[in-house]
Amino acid sequence: MDLDDNSRNLVQALTNGDPEKISTSRFSSLLASKDRDYLLSSTTQDDQQVKISDLEGKAIGLYFSANWYPPCRNFNEVLIGVYEQLKSNGSNFEIVFVSSDEDLSAFNSYRESMPWLSIPFSDLETKKALNRKFEVEGIPYLIILQPDGSTLHDGVELIYRYGIEAFPFTEEKLEELRREERIKHESQTLTNLLTNPGRDYLLDQTMARKVPVDSLIGKTVGLYFSAQWCIPCAKFTPKLISIYHKIKRSLEGKGGGEDFEIVFVSNDRDQSSFDSYYGTMPWLALPSGDPIIRTLAKYFDVQGIPCLIIIDPDGKTVTKQGRNLINLYQENAYPFTCAKLELLEKEMEEEAKRLPRSNYHAGHRHELTLVSEGNGGGPFICCDCDEQGSGWAYQCLGCGYEVHPRCMRAVDPATAASVQHT
Ligand SMILES: [Zn+2]
Ligand SMILES: [Zn+2]
């Protein structure tokens, strides 16, 4: 008998019921309480309880989530899909829900959607202890506990990024996925990004003409992930359209064959919303519902829309921050390269030197102070245009009201004082 056989026997002894060893096992000490050695099973099971000792030897996902919070509900759907696939192919995996719901009825209705196990809602102490132990600061949060005792904290990201491929969540597996991803990104071209075996074209405004993907080679291309139902998209799209026209016009003026194009990657739920939304856009589009849309969202790890990904004339990714850069620099952001951004940052530093140190804004009654990344600033949402910002800003040090320098609608203090405080 070699060593491997020995360790297998040990695992068997543990799972086949040596009660003393089980009661001190890792999962019991985490998940059980003084008078509970079980978890609630999914509501579809006849048996209401599952012994915690049954979990030994499995990879366990500890899932911190709450019904009232939309990002949790979004992730929940994705996680259910992954879980059901893993279960159907017999993987040694289980999930335990740690609820942050406000009351028992919210917990119960959320739990009804879940095919996995739960810690009873009433066991506040165990839930608190888990939140503390794993330093859970935001939800959804998914911690993977490996049978070998190791722990992974970025389960949510791994599930969003790799789906079922992430299993069994070991360091080797993740390294392999990262390597594959790197190779894919290195060999990336527009053609392999945007075509599939049955389609080598994009749609244009007429919806009838087919534009070959290859005709974009040599251009800077923006992939615009957006949808009509998304409110921030509705605000950003008109701005992007106007900037798109400005970039196109200035390139035409320059001559020299340089060109810019945008491709709409629709997250609309049906053809009619695609049609009406795309009807407002002057650029190209992937067909509605094309399977490549999901692949692209995963490949670029798109976590929210609107999202603008910039591809350079060689087909390589320049930046995933197109939206922020458009908000910061408008048409000047083109062609979004590091060199261009460095130049713009320097210009902004120079410009900031000429800005007044403090000012009053038409929408706020307190004085606003000029801040930057280094002194109290940081990423923010502009209270004037509702878009993201970073770097220089005017901020009310008292209540956090913050605007882009270019959104600074300056007024004299007397006018500002009459503004209703919000
Ligand atoms: Zn603004
Ligand atoms: Zn204020």
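With an unreviewed UniProt entry as reference, the protein chain is termed protein-disulfide reductase, source organism Gossypium mustelinum. Among the UniProt annotations of the protein chain, the heading Sequence similarities (unreviewed entry) holds the following wording: "Belongs to the nucleoredoxin family."

> Help me understand the state of the cysteines, please; the structure alone is not making it clear to me.
Each disulfide consists of one covalent bond between the sulfur atoms belonging to two cysteines. Applying the stated criterion across every chain, the model contains one disulfide. The disulfide partner of Cys230 is Cys233, and the gap between their sulfur atoms is 2.5 Å. Taking the sign of the S-S torsion, 85 degrees for the link of Cys230 and Cys233, the bridge is right-handed. Here the two residues Cys230 and Cys233 agree in accessibility, since each one is buried. Unpaired in terms of disulfides, Cys72 finds its nearest cysteine sulfur in Cys230, a separation of 19 Å. Cys72 gets classed as buried once you look at its relative accessible area, which sits at 0%.

> Help me understand the packing of aromatic side chains, please; the structure alone is not making it clear to me.
Pairs of aromatic rings are described using the distance from one ring centre to the other and the angle between the two planes. Taken as a whole, this structure holds 25 aromatic pairs when the rule is applied. Between the aromatic rings of Phe93 and Phe167, the centroid separation amounts to 5.9 Å while the plane-to-plane angle is 65 degrees, which identifies the pairing as edge-to-face. Remark: Phe167 occurs in the loop between helix 7 (155-162) and helix 8 (171-186) and Phe93 occurs in strand 4 (residues 93-99); sequence separation between them is 74 residues. Comparing Phe93 with Phe167, the two get one shared label, buried. Each ring, one from Tyr224 and one from Trp283, has its centre 6.0 Å from the other, and the planes form 90 degrees; the classification is edge-to-face. Of this pair, Tyr224 sits in strand 10 (residues 220-226) while Trp283 sits in the loop between helix 11 (271-278) and strand 12 (284-285); the two residues are 59 residues apart in sequence, bridging distant segments of the chain. The same class applies to Tyr224 as to Trp283, namely buried. Through pairs of rings, three or more aromatic residues link up here, namely Tyr63, Phe75, Tyr83, Phe97, Phe107, Tyr110, Trp116, Phe121 and Tyr160. When the ring centre of Phe121 is taken as origin, the NZ or CZ atom of Lys127, which lies over that ring, is 4.1 Å away. Between Lys133 and the ring centre of Phe134, over which it is positioned, the NZ or CZ distance is 5.6 Å.

What counts, and where the lines are drawn
Residues numbered from 1 in each chain as written. Chains lettered and ligands numbered in written order. Predicted model: local features only at pLDDT ≥ 70, side-chain atom pairs only at ≥ 80, totals over all residues. Heavy atoms only, no water. UniProt positions renumbered as here; feature names shortened; annotations may be inferred. Disulfide = S-S within 2.5 Å. Buried < 20%, exposed > 50% of the residue type's maximum accessible area, 1.4 Å probe, protein only. Phe/Tyr/Trp six-rings, centres within 6.5 Å; stacked < 30°, edge-to-face > 60°. Helix = DSSP H or I, 4+ residues; strand = E, 2+ residues; numbered from the N terminus. Lys NZ or Arg CZ within 6 Å of the ring centre and 35° of its normal.

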